[in-house]
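# Working through the structure, step by step
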Amino acid sequence: MLPVKQAEEVILGLVQPLDADEDLEVVDLLTAVGRILAAPVTSQLDFPHWDNSAMDGYAVRFADVQHCNPQQPVELRIVEEIPAGYQPQCQLQAGQTARILTGAVIPMGADTVIMQEQTRREGDRVLILTAPKEVGAFVRHRAAFYQAGMPLLPAKIKLNAAEIAVLAAAQCTQLSVYRRPRVAILSTGNELVMPDQTLQPGQIVDSNQYALAAFVAQNGGVPMLLGIVADQPVALKHAIAQAIESADLVLSTGGVSVGDYDYIEQSLEELEGEIHIRAVAVKPGKPLTVASFPQPQKKSSVLYFGLPGNPVSALVTAWRFVQPALKKLSGMPESDWQPVFVKARSHQDLRSDDQRETYLWGYLHLVDGIYQFKLVSGSHSSGNLINLAQTTGLAMIPVGKTFIPAGEIVDVLKVVS
Ligand code: AMP
Ligand code: MG
């Protein structure tokens, strides 16, 4: 049984990220949210594009107004009004000013803006009541935020609202992003049926396929559902071969224990996969199996996760071990691969009864900025899928610890953000 940390290292060591040159697609900016940028972006535009006003007020020549004060205001003649989107027509001469609004172009001759609150308008004249602190006050200078030709966004970042805004402002409407990883999902078990089938005695619904499809989609992958495969070596071998051929990563559930109908390992060996992990010291999820299949025609191997069949074990191992692999595969930077653990104060006593790293599911709440962890009520059996619903975190009890008293701080794996 591999310790969790070691299993994580082995898994990440096996993942080869998508190729920045080959595994690309060009997408429209409007559909790019959540995608990973494949190449750095530069812009030929300066930001701001021109000197502009940070305030509603008056564009002035600093020299004209530098000594004024409320007792001795300076009177200037308004020669133009410059709203946003308007190209100034005049060049300011001594004693002149232009009414200017936020974001509008600073006219030639002006170097400073006086905010409206420091002025008094009198017809086509304005009194400047307070001297500006410095030349350039309230002027946003051209290229102060970004200079054309410099790196604008680096490769490998995930595109969220802020990045999409920057790309829109830079007029980058078509983007090179990594394609989404293809993840084949299959369920094994003679007892399984689809949710729309009538249950016969002894049958249960294949919930794992749905759980993993949702998990893959939430992590930016394309789920490829290969259906239910019977506990039958030939059928399994055929299904696994098909999965390896069509996907970057394969997830199966069930058939990895030591029962009489558990044929995954045998099938992986017969297909000449290299098995790297057969069991991990984790609860739930001990029988996690990980193999790789070198693909001579591609540069990378296909990674295979044989997840346990128990619905809770399947999701916990997906969150703990598959998620980092999927992130690395997607092209994300190394700093984003690791699962997110937060420190939380436990509401209840937490117990672990053996030598495996134990994950207990519950709810994470922020109270005055400090996370609190509440265990779900009901059975913490890995077969009890029902009380996993709406949980947001998994409290982790490390190997060597069997008890964390209520009120103590515990590390909690965030599973829903
Ligand atoms: P196994 O790992 O195949 O021995 O399965 C362990 C337990 O998980 C058994 O009780 C199975 O019935 C259940 N199980 C296996 N696969 C699934 C699935 N796809 N959906 C829901 N439960 C499953
Ligand atoms: Mg089974």
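Note that this is a predicted model, so its numbers are computed, not measured.

## Focus: the packing of aromatic side chains
This structure, assessed with the given rule, holds 2 aromatic pairs. Over the face of the ring belonging to Tyr 58 we find Arg 99, whose NZ or CZ atom lies 5.3 Å from the ring centre.

## Quick word on the sheet that holds strand E16 (residues 222-229)
Across the sheet, 6 strands lie side by side as E16-E13-E17-E21-E20-E18; this open sheet has mixed pairing. Of all strands in the sheet, those with a lone pairing partner are E16 and strand E18 (274-277), marking the two edges. Put simply, the sheet's adjacent strands are angled 20° from each other on average, direction ignored. As paired elements, strand E13 (residues 182-188) and strand E17 (residues 249-253) share 5 bridges and run parallel to each other. Counterpart to Val 183 in the pairing with E17 is Leu 249. Contacts from helix H4 (residues 207-218) reach E13, E16, E17 and strand E21 (301-307) within the one sheet, and its direction differs from that of E16 by about 170°.

## Topic: the side chain of Asp 248
Mapped onto the secondary structure, Asp 248 falls in the loop between helix H5 (233-246) and E17. Polar side-chain contacts of Asp 248 include one of 2.9 Å to the side chain of Arg 179. There is a polar contact of 2.7 Å between the side chain of Asp 248 and the backbone nitrogen of Arg 182. Discounting chain neighbours no more than four positions away, the residues touching Asp 248 are Leu 18, Arg 179, Pro 181, Arg 182, Ser 301, Val 302, Leu 303 and Leu 329.

## With respect to the packing of H4 against helix H7 (residues 311-330)
H7 packs onto H4 with a crossing angle of 25° between their chain directions and a minimal axis gap of 11 Å. In terms of orientation, H4 and H7 fall into the roughly parallel class. Viewed along their axes, H4 and H7 form a crossing whose handedness is right-handed. Judged by residue contacts, Ser 207, Asn 208, Ala 211, Leu 212, Phe 215 and Val 216 of H4 engage Pro 311, Ala 314, Leu 315, Ala 318, Trp 319, Val 322, Gln 323 and Leu 326 from H7. Residues of the contact of H4 with H7, tallied by class, amount to 11 nonpolar, 3 polar and no charged.

## So, the packing of helix H1 (residues 4-14) against H7
Running from N to C, H1 and H7 point in directions that differ by 30°, and their axes come no closer than 10 Å. The angle between the axes of H1 and H7 places the two elements in the roughly parallel class. Of the two elements, H1 crosses H7, and the hand of that crossing is right-handed. Note on element contacts: H7 touches H1 through Arg 320, Phe 321, Pro 324, Ala 325 and Lys 328, opposite Val 4, Ala 7, Glu 8, Ile 11 and Leu 12. A per-class count over the contact of H1 with H7 returns 7 nonpolar, no polar and 3 charged.

The rules behind each value
Residues numbered from 1 in each chain as written. Chains lettered and ligands numbered in written order. Predicted model: local features only at pLDDT ≥ 70, side-chain atom pairs only at ≥ 80, totals over all residues. Heavy atoms only, no water. Phe/Tyr/Trp six-rings, centres within 6.5 Å; stacked < 30°, edge-to-face > 60°. Lys NZ or Arg CZ within 6 Å of the ring centre and 35° of its normal. Pairing = 2+ DSSP bridges. Helix = DSSP H or I, 4+ residues; strand = E, 2+ residues; numbered from the N terminus. Axes fitted to C-alpha atoms, helices over the stretch in contact; angles between N-to-C directions. Contact = heavy atoms within 4.5 Å. Polar contact = N/O pair within 3.5 Å; in protein donor to acceptor, adjacent residues only side chain to side chain. Parallel < 35°, antiparallel > 145°, perpendicular 65-115°, else oblique. Left-handed = near helix turned anticlockwise from the far one by under 90°. Nonpolar A, V, L, I, M, F, W, Y, C, P; charged D, E, K, R; others polar.

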